Amino acid sequence: MGGIILYGIITTVLLLVSGCSSQSQTGTRIPKIQKSPLNSILSTSQQNVNNACLPEVSCDTYEKYRTFDGSCNNLKNPAWGVANTPVVRLFPAFYDDGESLQRLSEDGNPLPNARYVRTTLLPDGENAGVKLTLAVMSWGQMVAHDVALRATSPEGPKTCCNADGSFNPDPVCHPIAIPIDDNFYSKFNQLCMHVKRVRPTNDLGCLINPVQQISGVTHYMDGSFIYGSSKEAADSLRQFEGGLLKCRTTDDGRPFLINVQKPTEVCDVPRDTDVCYMAGDPDRVNTNTEIAVTQVMFLRLHNKLATDLHHMHPSWSDEMLFQETRRIVIAIVQHITYNEYLPLLLGSTFVKNHQLAPQKSGYSKYGYDASINPSTLSEFVSAAFRSLHSAIVGSPKLVSEYRLSRGSIQLSDYTNRPGIIEAANNFDNFLRGLISQPQSDKNYHFTEQITNSFLGNKENPIAERNGTDMISIDIHRGREYGVPPYTTMRILCGLPPVNDFEDLRDFMDADKVSLLSEVYSSVHDIDYYVGGMLEKKIPRTLVSPSFHCVIAEAFHRYKFGDRFFYEFDGHPGTFTLDQLDSIRKFTYSALVCMTSDHIQVAQPMGFHKINSKLNPLRPCSEITKAFKLDPWAKND
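My aim in this report is to walk through the structure given alongside it, one point at a time. All residue numbers refer to positions counted from 1 along the written sequence of the respective chain. Residues qualify for local features only when their pLDDT is at least 70, as the model is predicted, and side-chain atom pairs are given and counted only at 80 or more; totals for whole chains, interfaces and linings, by contrast, use all residues. Only hydrogens and water are removed before side-chain values are computed, so all heavy atoms of the structure are retained for them.

Numbering of helices and strands starts at the N terminus; helices are DSSP runs of H or I of at least 4 residues and strands are runs of E of at least 2. Each helix and strand in the protein chain was counted, giving 21 helices and twelve strands. Put simply, the radius of gyration uses C-alpha atoms, and a globule should come to 2.2 Å times the residue count raised to 0.38. Taking 26 Å as the expected radius of gyration for a compact globule of 636 residues, we find that the protein chain reaches 24 Å, a close match to that expectation. Across its three principal axes, the protein chain shows a C-alpha extent of roughly 70 × 55 × 55 Å. The cut-offs for exposure are 20% and 50% of the maximum accessible area for each residue type, with area from a 1.4 Å probe on protein chains only; residues under the lower value are buried, those over the upper are exposed, and the others partly exposed. Expressed as a percentage of its 636 residues, the buried residues of the protein chain come to 61%. Here a residue-residue contact requires only that any non-hydrogen atoms of the pair lie within 4.5 Å. Contacts in the protein chain between residues at least 24 apart in sequence constitute 73% of all its contacts with a sequence separation of at least 6. Of the accessible surface of the protein chain, which amounts to about 24100 Å², a share of 51% is contributed by carbon and sulfur atoms. Side-chain charges in the protein chain split into 60 positive and 69 negative, and the spacing between the mean points of these groups amounts to 7 Å. Each accessible area is a Shrake-Rupley estimate made with a 1.4 Å probe; only the visible protein chains count as cover when residues are assessed. Counted as positive: Lys and Arg. Counted as negative: Asp and Glu. His and the chain ends are not counted at all. A charged residue contributes its charge at one atom only: NZ of Lys, CZ of Arg, CG of Asp or CD of Glu.

Quick look at the structure:
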């Protein structure tokens, strides 16, 4: 059943698109399209070829709680979704040698340089949206980190770029050449961008053909960014008292994440007494302030719930308190994602029609399906979901309780330097910024903070502080993953076949089509990521048609392929109906209110901008009162 939702997605995309006017000659409107057959999708057995690379696992069928590494969720295939296992494909890989070498152009030449493609077709720029807040972008970032991590080899050189701009020949290296006339990097005489390869199945000693890339975290939406993806990682984060996670308290009594042992080796800080966080997602927790703030929110949420449960059940062991709290927190992550986030991402009508929306009461009518492989999709992690990088804002604001700006920061100034969120009232100021500042609303533009200044000198020491280009790397990764070209993915998603560049005007503006024809020698060379970014978005969604179908398929699998999904019954960890009713009342704004230092008011719908009539500021006491732990008082 792995790809079945795609057939429904095609139908729904048609319904969403058909409400718009027919295509004009300038391509300014999304046209009606006809459903095309989905002939090229891999069979279930072909999708699950990575089974050959999975470890053997033994399971306790009566276990109430999830394992940390994702094992034993699916009792028939207990290694599905386990950390450090390969992603799966919807479509056969496109490699030049059929195994792992990057595909070539149809004329046999290399594809156009990823940095050149990015600067020409996906330029720098930001445009404040009118409806949605930066919290939407931040939540999507968190979800992405929960279900996937591009596992690169810890071995190999510190940089894949030599001082003269040549490539380091080490096999773990996969750098990007920078054009000599590049409008930014030429100022630094930089001709090479540091990139390491993602670990393929060969690194597991599993020689499947073609290779598939490994994800370093569990493939489930299970809070692994909070708790880690192994028992060892989880143990390192636990207090082993009262069900609590370890935390570090500031002089004024505010709890934050604990520090790594050697901050100077992990973060861009001068002293080992500086702030550098340790979390379930150690590789990305310090990347930017939004990620760090979100991680702190969930640390505080866990410890608050654990403390309240301990008061209810003083006889419960530390293990039971921890696991019950973890179970509730994971349910909250899933509920906010499917109840508040997905309707914005994919469209509320689509989410309802495809059983992705939570029910108002009772258990899900459409329960767990053991035949669905929940593993993260290659096309999702390497292209479709990464399209949301366009929503990133380069200058996050600090906002007062009166919703006045107290200034802003540049992301690149605080990359791997999270200590700023602990200064003065900054934690609350950043939180208010998330629910006040609009996210960027340019479909194919990206803030210069991630196109030129991403990561800085820790990842690219030769470039000093000028950093790397995340979007060029996104294009480069799609080729590394063997993602099919855009024209192939269009067909997978039910769009009409394309024979030449002019055919692209059904979903793209004429000026974008013209640029594509200048960059790519053949229409069938266009990278999926690039083509999807240049398509017009489906109305009332955040994505274009050829991204929509893959993202929807992924979230379908994350739900119906997860035996422990919070709305399902029939397993040892099933919530009672009263508990489920309480979880359904939890919101993103409740998370902000419950975990802030001193925030007193927020809008009820934190993903939407404040609106005096539809979404006015309300006391936090009103926003949080709906969620209660009372239903857990009966569970002794």
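Having seen the structure, we can now continue with the description.
Quick look at the packing of aromatic side chains now. Classification of ring pairs uses Phe, Tyr and Trp, with its six-membered ring standing for Trp, and accepts pairs whose centres are within 6.5 Å; under 30 degrees between planes counts as stacked, over 60 as edge-to-face, and the remaining range as tilted. Evaluation of the coordinates by the stated rule reveals 25 aromatic pairs. Plain terms: the ring middles of Y588 and F607 are 4.9 Å apart, the flat faces sit at 35° to each other, and that makes the pair tilted. Placement of Y588 in helix 20 (residues 588-595) and of F607 in the loop between strand 11 (601-602) and strand 12 (618-619) is noted, with a sequence separation of 19 residues between them. The two residues Y588 and F607 agree in class, both being buried. Taken together through their ring pairs, the aromatic side chains of Y338, F380, F385, F555, Y558, F560, F565, Y566 and F568 make up a single cluster. Only when the NZ atom of a Lys or the CZ atom of an Arg is both within 6 Å of the ring centre and within 35 degrees of the ring normal do we say a charge sits over the ring. Cation over ring: R300 sits above F427, and NZ or CZ is 4.3 Å from the ring centre.

In helix packing, the relevant descriptors are the interaxial angle and the interaxial distance, both defined with respect to the helix axes. Axes, fitted as lines to C-alpha atoms, cover a helix only where it is in contact. Angles between the N-to-C directions of the axes lie from 0 to 180 degrees. Their axes nearest at 9 Å, the elements helix 8 (residues 289-312) and helix 20 cross at an angle of 80°. In terms of axis orientation, helix 8 runs roughly perpendicular to helix 20. Contact residues: M297, F298, R300, L301 and K304 in helix 8; Y588, L591, V592, M594 and T595 in helix 20. When grouped by side-chain class, the residues that make up the contact of helix 8 with helix 20 number seven nonpolar, one polar and two charged. Comment on the angle field: the value is read as roughly parallel under 35 degrees, roughly antiparallel over 145, roughly perpendicular from 65 to 115, and oblique elsewhere. Three categories are distinguished: nonpolar for Ala, Val, Leu, Ile, Met, Phe, Trp, Tyr, Cys and Pro, charged for Asp, Glu, Lys and Arg, and polar for the others, with Gly belonging to the last.

Okay, the environment of L591 next. If you trace the backbone, L591 turns up in helix 20. Judged by its relative accessible area of 0%, L591 is buried. For L591 and R406, which are 185 residues apart along the polypeptide, the C-alpha to C-alpha distance reads 23 Å. In contact with L591, not counting residues within four places along its chain, are W139, M297, F298, L301 and F586.

Salt bridges, as used here, are contacts in which a Lys or Arg side-chain nitrogen is within 4 Å of a carboxyl oxygen on Asp or Glu. Scanning the entire structure with this criterion turns up 34 salt bridges. Here D124 and R118 are joined by a salt bridge, their closest N and O atoms 3.0 Å apart. Among the residues examined, D124 registers a relative accessible area of 33% and is labelled partly exposed. R248 is the partner of E422 in a salt bridge, and the nearest nitrogen-oxygen pair spans 2.4 Å. Of this pair, E422 sits in the loop between strand 9 (405-408) and helix 12 (426-434) while R248 sits in strand 6 (residues 248-249); the two residues are 174 residues apart in sequence, bridging distant segments of the chain. With a relative accessible area of 23%, R248 lands in the partly exposed category.

This part is about the pairing of strand 9. Note on pairing: two strands pair once DSSP finds at least 2 bridges between them. As judged from the two bridges shared by strand 8 (residues 397-399) and strand 9, these two strands associate in the antiparallel manner. Within the sheet, the bridge partner assigned to V399 lies in strand 9 and is S405.

Residue types Ala, Val, Leu, Ile, Met, Phe, Trp, Tyr and Cys, when buried and joined through side-chain atoms within 4.5 Å, form a set referred to as a nonpolar core. Ranked by internal contacts, the top residues of the largest apolar core, which has 149 residues, are W139, L345, F380, F555 and Y588. The leading source of residues in this core is helix 9 (residues 318-346), at 15 residues. Those residues in contact with Y588 that sit more than four places away from it in its chain are A135, W139, M297, I336, E340, L434, I435, G606 and F607. With five residues, the next largest nonpolar core counts L54, A79, V82 and Y220 among its residues.

Attention shifts here to unusual backbone geometry. Of note, the bond from N209 into P210 is cis; its omega dihedral lies within 30 degrees of zero at 5°. Tracing the backbone shows P210 in the loop between strand 4 (192-193) and strand 5 (214-215). In this structure, C72 takes a positive phi of about 70° despite not being glycine. By the element assignment, C72 lies in the loop between helix 2 (44-47) and strand 1 (85-86).

This part takes up helix 20. With eight of eight residues buried, helix 20 lies mostly within the body of the structure. Contacts from the buried residues of helix 20 go to helix 4 (134-147), helix 8, helix 9, helix 12, strand 11 and helix 21 (620-624).

Further remarks concern the side chain of T133. Within the secondary structure, T133 sits in strand 2 (residues 128-133). Judged by relative accessible area, T133 falls into the buried class, the value being 0%. Once residues lying within four places of it in the same chain are set aside, the contact partners of T133 are L434, I435, S436, Q437, P438, Q439, Q603, G606, F607, H608 and K609.

What follows concerns the packing of helix 8 against helix 12. Their axes nearest at 10 Å, the elements helix 8 and helix 12 cross at an angle of 105°. In terms of their interaxial angle, helix 8 and helix 12 are classed as roughly perpendicular. Contacts between helix 8 and helix 12 involve T289, E290, V293, V296, M297 and R300 from the former and F427, F430, L431 and L434 from the latter. Looking at the contact of helix 8 with helix 12 residue by residue, the classes come out as seven nonpolar, one polar and two charged.

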